[in-house]
Amino acid sequence: MIQILLFLLLQCSMSSRAPPKALLQDMVVPPRQLFGPGPSNMADSIAETQSKNLLGHLHPEFVQIMGDVRLGLQYIFKTENKYTFAVSGTGHSGMECAMVNLLEPGDKFLVVEIGLWGQRAADLANRMGIEVKKISAPHGKAVPVEDIQKAIAEYKPNLVFVCQGDSSTGVAQPLETIGDACREHGALFLVDTVASLGGTPFDADALKVDCVYSATQKVLNAPPGLAPISFSDRAIEKIRNRKQRVASFYFDALELGNYWGCDGELKRYHHTAPISTVYALRAALSAIAKEGIDESIQRHKDNSQVLYAALKNHGLEPFVEDEKLRLPCLTTVKVPEGIDWKDVAGKMLTNGVEIAGGLGATVGKIWRIGTFGINSNKTKIENVVELLSKSINETRSKL
Ligand code: PMP
């Protein structure tokens, strides 16, 4: 009897929870022009793939799609590396995957810091108990490559990290000769191209890069959720000869490489790939293949000139003074004296256009305008700057 009563009581208490009211309403997704640091707008050809039916991740047709993605990634990274695939996760997962595989206890890590992303890599290494040395530039500037070469020769790191395009400052760090210095002194060379790939020149093999990662939601115009990555033969050799196994199963590059068909061995189950996001990445790579990677890079360069000219016309100044060091697909703009950046960005958002404020040390000092992929377009850029200027003037008139 008591048991029946207890059962009924439990039933009552279990069924008394009402479903969340919010979930009984339709989801609201307003149209938005995404000119912030990412995500960028999704191209229609990519969005369409998202609603295609799922396949099993081990089905031959999906394995073929994964193979196409690998070819596309080799094409945009400009590499022959066999271990070229995409990690299931956002850009950070590329960073974590690279570092947990390429660093092991006792290693020394040199970080070239030109903004938040160097700090993030150093933070991750600290969490792993790895010794870190940073070589930094004031925000808005790059570290001279001669200083990097010197630091490599003196510190003799096992791994060197450079962010090619730091989205917190808008600086493009020159990469030439760093790979040579790494080879000379026995270091591996790791590059973050999350905010730069497809929008600024990059050639993994010519630059002697040992590991490079990126993300899908910037120049590629795909949804966030995959981190393209590539490991050189030197990097794979280091991973194979580790004294300790990689501490992460999910990010184990050799396991992931097998899952993506990089090692020529029988494919083993590792995890369930985010099927729809892989479709989207394939569509994004197909769009770049049709335009041409060099053509895409050139278009971003040409349209950065359109942006600089429009800013000048409206009396606004880029934050990165040296034009050669500006990231073509993400421009940082100085907030004029006395203007509240948030107020201006808020006004733009009510007009359906997103730009962002600074990040980390640049908060309050700059706006960040991303012109990634399909958003690298003359008319769209001129309209964004027009709206920015109008929003600044409205804020000013209230002062
Ligand atoms: N590196 C850089 C240069 C980035 O701009 C970002 C994202 N803004 C990341 C890494 C991290 O990528 P995610 O937010 O996709 O994890």
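Residues numbered from 1 in each chain as written. Predicted model: local features only at pLDDT ≥ 70, side-chain atom pairs only at ≥ 80, totals over all residues. Heavy atoms only, no water.

### Points about the domain arrangement of the chain
- As far as domains go, the chain holds domain 1 (33–40 + 293–397) and domain 2 (44–290).
- Every contact between the two is made by 26 residues of domain 1 and, on the other side, 29 residues of domain 2.
- Between domain 1 and domain 2 the total buried area reaches about 2300 Å² when both faces are included, carbon and sulfur atoms providing 63% of it.
- In terms of surface lost to domain 2, no three residues of domain 1 exceed Ile293, Leu325 and Leu327, which account for 29% of the buried area on that side.
- Applying the counting rule to domain 1 against domain 2 returns 1 salt bridge.
- The salt bridge partner of aspartate 294 is lysine 78, with a shortest N-O separation of 2.6 Å. (Domains from an automatic or database assignment. Contact = heavy atoms within 4.5 Å. Buried area = accessible area lost by both parts, 1.4 Å probe. Salt bridge = Lys/Arg side-chain N within 4 Å of Asp/Glu carboxyl O.)

### Things to note about the sheet that holds strand β5 (residues 159–163)
- Taking strand neighbours across the sheet as the criterion, the 7 strands line up as β2-β10-β9-β8-β5-β3-β4 in an open arrangement whose pairing is mixed. Looking at the sheet topology across the chains shown, the edges are occupied by β2 (83–88) and β4 (131–136). Neighbouring strand axes in the sheet, compared pairwise and without regard to direction, differ in orientation by 20° on average.
- Strand direction decides the pairing type here: strand β3 (residues 108–113) and β4, joined by 6 bridges, are parallel. In the sheet register, leucine 110 faces β4, and the bridge partner there is lysine 133.
- Where helix α4 (residues 91–102) meets the sheet, its contacts fall on β2, β3, β5, β8 (188–192), β9 (211–213) and β10 (226–231), and the angle it forms with β10 comes to roughly 30°. (Pairing = 2+ DSSP bridges. Helix = DSSP H or I, 4+ residues; strand = E, 2+ residues; numbered from the N terminus. Axes fitted to C-alpha atoms, helices over the stretch in contact; angles between N-to-C directions.)

### Examining the sheet that holds strand β14 (residues 366–370)
- Strand order in the open sheet formed by 3 strands is β11-β14-β13, and the pairing between neighbours is antiparallel. The outermost strands of the open sheet, each flanked by one partner alone, are β11 (330–334) and β13 (356–357).

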